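# Geometric and topological summary
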Amino acid sequence: MSLMKFINWKKSAILIGAVVSASFVQAADTDKIPGWKSYSGDEQVEFKVDSLLSMMTLDEKIGQMNQYSANFAPTGEVADNQSGLYLKKGMIGSTFNAFGAENVRMLQEQNMKYSRLKIPMLFAADVIHGLETTFPIPLAEACSWNLDLMERTARAAAEEATASGVAWNFAPMIDMSFDPRWGRVMEGAGEDVFLGTEVARARVKGFQGIENPSDLSQNNTLIATAKHFVGYGAAQAGRDYNSTDISEQQLHETYFPPFQAAIEEGVGSFMTSFNDLNGVPATANKYLYKNILRDSWNFNGLVVTDYTAILELIAHGYAQDLKHGAQLALEAGIDMDMISEAFVAHLKALVEEGKISEGQIDVAVARILEMKFLLGLFDDPYRYCDAMREQEVLMNDKFVDLALEAAQESMVLLKNDHNVLPLKKEEAKKVALIGPFINERESLNGEWAIKGDRSKSVTVKEGLDAKYKKSKVKFTYAKGTDLPLIDPVTQKVAVAEPSEEGFAAAVEAAEKSDVVLVAMGENYHWSGEAASRSDITLPGNQRALLKALKKTGKPIVLVLFNGRPLDLSWEAENVDAIVEAWYPGLMAGNAVADIISGDYNPSAKLVMTFPRNVGQVPIFYNQKNTGRPFNDQAPADYRSNYIDVANTPLYAFGHGLSYTNFEYSNLQLSESAFSKGGSIEASIDITNTGDMDGEEIVQLYIHDKVASVTRPVKELKAFEKIALKKGERRQVKFTIDEEMIAFIGLDKEKIVEAGEFELWISKSSDDQSQYATFSFQ
Ligand code: NOJ
């Protein structure tokens, strides 16, 4: 610790007052809090935490464990509501959903006024894909497979958030999920655990500081939250909040790794998940929080519940009442209660009744206080409230440029028959722009665009008009139909379907054009939290409109805006090109125009499988073989298949086209075998054989043929994104080592077994062309 900082700390200790200072000095001799291991391992910080804790009353300690949404001082005056009353007692440790340097300063001032020991409040928020500068939704951004880009957008989000008062981010969401019905797949990184783990690392680093994520001392870094621990994405039937049943093997193989990686990168906090996991709700799950997180992974950061999750233990049928819930959650190892008021209302009585000990509370409070010290809040409670910095940082040009770059790299070209795309500026063409997303603005940011001003996002029409202004391409426009909405009362899709009145004008516009560009998708409320769907086709009558347009015989380019893989079986058969644009954020229209015109050559690849229909769900590339695998080439009875649809997906994990062609050839292994401590080099030649420069995501998959725990048919183990000029050839090399062939054994430890392995280096998970085998002895 620098001398300056220590002096600052002393100053604030002196401010607390003479009596308190005396106990502070005395506290210097006390032992560390039994059962508490610090996150930082910094003795000076431990000393401060220990000292401060020894001065606190039980009420003050419990208050630190209490988190509210920011409604206690809406106008500067402390409200007469429940949270306002707790504030006046100095009993709120953290608040979320407050933004703006001045606003947060005002709330912090109120807190400092009422906190006897001047303990600053920790301000949190869900900054999922940007604060004001809205980047593409996380699922989209993951399709860039560009970890550096993801680090940079997370960094930008952290820069904006910390300038706006926020020091704790409820992101990244690193839940694995295989179910496109679940609306929250939009927040994650798709279905692959290897990629998901790398993305988790990138986002934690971006939020907490790329150089040294564990150092939270700068005022532009914040605490990231690994959420939701764990299994939330396995919600049965894809219905949000639903129960989960996941084998221990699956937890270790698939659901845990992104969280372990987040810890390795220094993540400061975890959030519980809403789901019942194997009979015990995650929020009170001792196995998860005590055995795994604390004891096995040595995580010493802060754990917060999800919103009202302790209260929900009652509905789960796990807690008798809120008091019982408080006890169960604390015993499981939870430090902070979001919204339930379970801790603040009941922990004191539980201590008095001897059901829990004050020592258990001390451990939780120590974790909370440590974070506040590390963030520098005791040195200056207003260090994230600099209005000047806020003005400079929010939506600055650099971030806006980054939003465009991220949107371009996120859009997946799913199909492009006869090279209908790009629509070149120099070719005289009449293009009919049709569909509810041509002029749509509000939905472009997608869900969780927490402060992204929806009125600022660039529409498709605006982007195209600007791009083709001085070109020979001429547009006509007909909306055709509307997006169906969700009824705010029933929370279901509105019963009244959008009308077909606009179809005729759309068909007429199409008939008069050379190409039809259709922009369709889901209203943004159709994905995200509490937005599960049982039918994942295009909502409303959009497909009907496409069918009407199809009859004109004109080439159709479909640009899609949605937050989940959709069932595009009809569209894939019947339109000529499909661009999956997801929800691209602020620069949506510009990025679409760059792709449509070919000014940007699409490079993204899917991170989640697109099924042929919802009945195939869950469908993912790294499934296990059955004892009766089905072979399309040689169909046979009594095999694992459907009688009404193929086993294969519509668009596989890793699929994504470019306007150029990449040829893969000459896969070679340096050796055909390796042994402990050794490795093999795999190399492949990639040639850009098309007419444009482009980028390609080269993917390496491995299959372990025989193992003591059966292995998936293939697993992604490495990838590299390369840029190739037209005509350029590059050799890409990967090192195959023990880590690449390791897996979780039956005793839940990582093991490596001797045997035969298959390997593919390919452009997609369903591309088998470049294949080799090797063995490990
Ligand atoms: C509920 C969501 O599940 C969680 O992800 C979020 O952080 C909290 N609400 C707070 O907004």
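Residues numbered from 1 in each chain as written. Predicted model: local features only at pLDDT ≥ 70, side-chain atom pairs only at ≥ 80, totals over all residues. Heavy atoms only, no water.

## Let's talk about the overall build of the protein chain
Looking only at helices and strands, the protein chain has 24 helices and 26 strands in total. Taken over the C-alpha trace, the protein chain has a radius of gyration of 27 Å; the compact-globule value for 777 residues is 28 Å, and the two agree within 12%. Counting over 777 residues, the protein chain shows a buried share of 62%. Here the analysis covers contacts within the protein chain between residues at least 6 apart in sequence; of these, 77% occur between residues at least 24 apart. Placing the 77 positive and 108 negative side-chain charges of the protein chain at their respective mean positions leaves the two points 3 Å apart. (Helix = DSSP H or I, 4+ residues; strand = E, 2+ residues; numbered from the N terminus. Rg over C-alpha atoms; globule rule 2.2 N^0.38 Å. Buried < 20%, exposed > 50% of the residue type's maximum accessible area, 1.4 Å probe, protein only. Contact = heavy atoms within 4.5 Å. Lys, Arg positive; Asp, Glu negative; His and termini not counted. Charge placed at Lys NZ, Arg CZ, Asp CG, Glu CD.)

## Brief notes about the pairing of strand β5 (residues 225-229)
Counted residue by residue, β5 has five buried out of five residues, so it is predominantly covered. Across three bridges, β5 lies against strand β6 (residues 269-272) in parallel orientation. Directly across from threonine 225, in β6, lies its bridge partner serine 269. (Pairing = 2+ DSSP bridges.)

## Examining the sheet that holds β5
Taken in spatial order, the three strands make up an open sheet running β5-β6-β9, and their pairing is parallel. Bordering the open sheet on either side are β5 and β9 (302-304), each of which pairs with just one other strand. Put simply, the sheet's adjacent strands are angled 25° from each other on average, direction ignored. Bridging between β6 and β9 involves three bridges; their strand directions are parallel. Paired with serine 269 across the two strands is leucine 302, which belongs to β9. Lying on the sheet, helix α12 (residues 286-296) is in contact with β5, β6 and β9; it crosses β5 at an angle near 145°. (Axes fitted to C-alpha atoms, helices over the stretch in contact; angles between N-to-C directions.)

## Comments concerning the sheet that holds strand β22 (residues 729-736)
Taking strand neighbours across the sheet as the criterion, the three strands line up as β17-β19-β22 in an open arrangement whose pairing is antiparallel. The open sheet is flanked by β17 (662-669) and β22, the only strands paired with a single partner. Averaged over all adjacent pairs, the angle separating strand axes in this sheet is 20°, with direction ignored. For β17 and strand β19 (residues 680-688), the ladder comprises six bridges, and the chain directions are antiparallel. Counted as the bridge partner of leucine 669 is alanine 682 from β19.

## With respect to the site of the ligand
Near the ligand, the surroundings consist of 13 residues, among which Asp126, Arg184, Lys227, His228 and Asp306 are the closest. One of the side-chain N or O atoms of lysine 227 is found 2.8 Å from an oxygen atom in the ligand. Separating an oxygen atom of the ligand from a side-chain N or O atom of aspartate 306 is a distance of 2.5 Å. Protein coverage of the free-state accessible area of the ligand, which is 300 Å², stands at 95%. (Near = heavy atom within 4 Å. Polar contact = N/O pair within 3.5 Å; in protein donor to acceptor, adjacent residues only side chain to side chain. Areas by Shrake-Rupley, 256 points an atom, 1.4 Å probe, with all protein chains shown as cover.)

## A few points about the packing of helix α3 (residues 43-55) against helix α16 (residues 358-374)
At a closest axis distance of 9 Å, the pairing of α3 and α16 adopts a crossing angle of 125°. It follows that α3 is oblique to α16 by the angle criterion. Where α3 crosses over α16, the handedness of that crossing is right-handed. For the pair α3 and α16, contact is made by Val45, Lys48, Val49, Leu52 and Leu53 and by Asp362, Val365, Ala366, Leu369, Glu370, Phe373 and Leu374, respectively. (Parallel < 35°, antiparallel > 145°, perpendicular 65-115°, else oblique. Left-handed = near helix turned anticlockwise from the far one by under 90°.)

## Describing the packing of helix α19 (residues 460-468) against helix α23 (residues 588-597)
At a minimum axis distance of 7 Å, the contact between α19 and α23 shows a crossing angle of 50°. The angle between α19 and α23 places the two elements in the oblique class. The handedness of the crossing between α19 and α23 comes out as right-handed. For the pair α19 and α23, the contacting residues are Val460, Gly463, Leu464, Lys467 and Tyr468 in the first and Gly589, Asn590, Val592, Ala593, Asp594, Ile596 and Ser597 in the second. Grouping the constituent residues of the contact of α19 with α23 by class yields six nonpolar, four polar and two charged. (Nonpolar A, V, L, I, M, F, W, Y, C, P; charged D, E, K, R; others polar.)

## Section: the UniProt feature "domain: Fibronectin type III-like" (unreviewed entry) in the protein chain
Per the UniProt entry, the sites bearing "domain: Fibronectin type III-like" (unreviewed entry) are residues 696-765 in this numbering. Taken end to end, residues 696-765 is 6% helix and 56% strand, and its first and last C-alpha atoms sit 14 Å apart. (UniProt positions renumbered as here; feature names shortened; annotations may be inferred.)

## Notes on the side chain of serine 513
Among the structural elements, serine 513 can be located in the loop between α20 (503-511) and β14 (515-521). Since its relative accessible area comes to 2%, serine 513 is described here as buried. For serine 513, the side chain forms a polar contact with the main-chain oxygen of alanine 510, separated by 2.7 Å.

## Comments concerning the pairing of β19
A regular strand places its side chains on the two faces of the sheet in alternate fashion. Summarising burial for β19: eight of the nine residues are buried, a large majority. Sheet topology places β19 next to β22; eight bridges connect them, and they run antiparallel. Across the sheet, isoleucine 686 pairs through a bridge with arginine 730, a residue of β22.

## Section: the side chain of asparagine 146
Its location among the elements puts asparagine 146 in the loop between α7 (138-142) and α8 (147-163). At 3.2 Å, the side chain of asparagine 146 forms a polar contact with the backbone nitrogen of aspartate 148. At a separation of 3.0 Å, a polar atom in the side chain of asparagine 146 contacts the main-chain amide nitrogen of leucine 149. In contact with asparagine 146, other than residues within four places in its own chain, are Glu409 and Lys721.

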